[in-house]
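These are the residues of each chain, in order.
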Amino acid sequence: MSVTDVALAAGVDEAGRGCLAGPVVAGAVILPRDYDLPYLTDSKKLSAARRETLAPAIKAQAVAWGVGMAWPTEIDRINILQATFAAMARAVRAMGLMPTALAVDGNKCIPAGHLVILTASPRQRAIVGGDASVPAISAASILAKTCRDRLMTVFDRQYPGYGFAGHKGYGAAAHLEALRRLGPCRLHRLTFRGVLPETSRQLGLPGI
């Protein structure tokens, strides 16, 4: 029996792993067998409007759902991969219902060290392309993406000049130009290439 066939199996996915600014956000979702979510697929294949329509429907129909985050200071401290695992574990815990199994998008399962915050250690399976092929992972990807996009729109007002509402923290040309003009703000991941001048990175200044 596959992980996705097990009762109370949760799909897990992240958004924002490759960004230069903002948190990495993970979603975890347990879907009922009889869910009705037309157009459910990988969040990256959907328009923003479609994602915003699906997100509340997913929350209404899910057996359980949760969102977890890791912020730039943690990303810089433990690296983006470990921070992504931490956000995923927090999303699972936020569901308030312990799943029997996890279907994790990608080629890596969540390391046991990040699961110590849970009351049990569910079985896991990593599924490459799971965000497009496993409905619960698709739902998790949509919750993670919509949550993160809303956050970056709020941060656009708090940190004007960077254009966060448009590029959502990714390395767009306008974002890189703003970094050259303004330097990084508190939302930036200082260990990511392109955030600090290369000379600062080589010297280990600051936060590198």
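Residues numbered from 1 in each chain as written. Predicted model: local features only at pLDDT ≥ 70, side-chain atom pairs only at ≥ 80, totals over all residues. Heavy atoms only, no water.

So, about the overall build of the protein chain. Across its full length, the protein chain carries 8 helices and 5 strands. Rg of the C-alpha trace for the protein chain: 17 Å, near the compact-globule value of 17 Å for 208 residues, within the 12% margin. With the principal axes as the frame, the protein chain shows a C-alpha extent of 55 × 35 × 25 Å. Taking all 208 residues of the protein chain together, the buried fraction comes to 50%. A fraction of 64% describes how many contacts in the protein chain between residues 6 or more apart in sequence connect residues 24 or more apart. (Helix = DSSP H or I, 4+ residues; strand = E, 2+ residues; numbered from the N terminus. Rg over C-alpha atoms; globule rule 2.2 N^0.38 Å. Buried < 20%, exposed > 50% of the residue type's maximum accessible area, 1.4 Å probe, protein only. Contact = heavy atoms within 4.5 Å.)

Where burial is concerned, most of strand E1 (residues 9-15) is hidden: 6 out of the 7 residues are buried. One ladder, built from 4 bridges, connects E1 with strand E4 (residues 101-105); its direction is parallel. Among the inter-strand pairings, Ala10 is bridged to a residue of E4, identified as Leu102. Bridge count between E1 and strand E2 (residues 24-30): 5 bridges; the pairing is antiparallel. Bridging from a neighbouring strand, Val12 pairs with Ala28 of E2. (Pairing = 2+ DSSP bridges.)

Glancing now at the sheet that holds strand E3 (residues 64-70). Spatial ordering of the open sheet is given by E3-E2-E1-E4-E5, a layout of 5 strands whose pairing is mixed. Only two strands of the sheet have a single neighbouring strand rather than two, namely E3 and strand E5 (123-127). Strand-to-strand twist across the sheet, computed as the mean angle between neighbouring axes with direction ignored, equals 20°. Contacts from helix H3 (residues 80-94) reach E1, E2, E3 and E4, with the element oriented near 150° to E3. (Axes fitted to C-alpha atoms, helices over the stretch in contact; angles between N-to-C directions.)

Here Tyr39, not a glycine, exhibits a phi torsion of approximately 75°, which is positive. Here Tyr39 lies in the loop between E2 and helix H1 (48-61). Given a relative accessible area of 55%, Tyr39 falls into the exposed group. Here Asn79, not a glycine, exhibits a phi torsion of approximately 85°, which is positive. Take Asn79: it is sitting in the loop between helix H2 (72-78) and H3. Residue classification places Asn79 among the partly exposed positions, given a relative accessible area of 39%.

You can see Ala87 is positioned in helix H3. Sequence separation of Ala87 and Leu46 is 41 residues, and the distance between their C-alpha atoms is 23 Å. What Ala87 contacts, discounting residues up to four positions off in sequence, is Val24, Ala26, Gly68, Met69 and Ala70.

Here His188 is to be found in the loop between helix H7 (173-182) and helix H8 (198-203). Here His175 takes part through its side chain, which lies 2.9 Å from a polar atom of the side chain of His188. Among the polar contacts listed, one links the side chain of His188 to the backbone nitrogen of Cys185, at a separation of 2.9 Å. Sequence-distant contacts of His188, defined by excluding residues within four places in its chain, comprise Leu20, Ala21, Pro72, Asp76, Tyr162, Phe164, His175, Leu179 and Val195. (Polar contact = N/O pair within 3.5 Å; in protein donor to acceptor, adjacent residues only side chain to side chain.)

Residues of H7 that are buried include every one of His175, Ala178 and Leu179, and no others. On an axial view of H7, the arc spanned by its buried residues comes to 105°, and they lie on one face. Residues Ala173, Ala174, Arg180 and Arg181 are exposed on H7 and point more than 90 degrees away from its buried face. Contacts made by the buried residues of H7 are with helix H6 (164-167). Trailing H7 by a residue or two, Gly183 shows a phi angle of about 75°, which is positive. (Arc of directions from axis to C-beta.)

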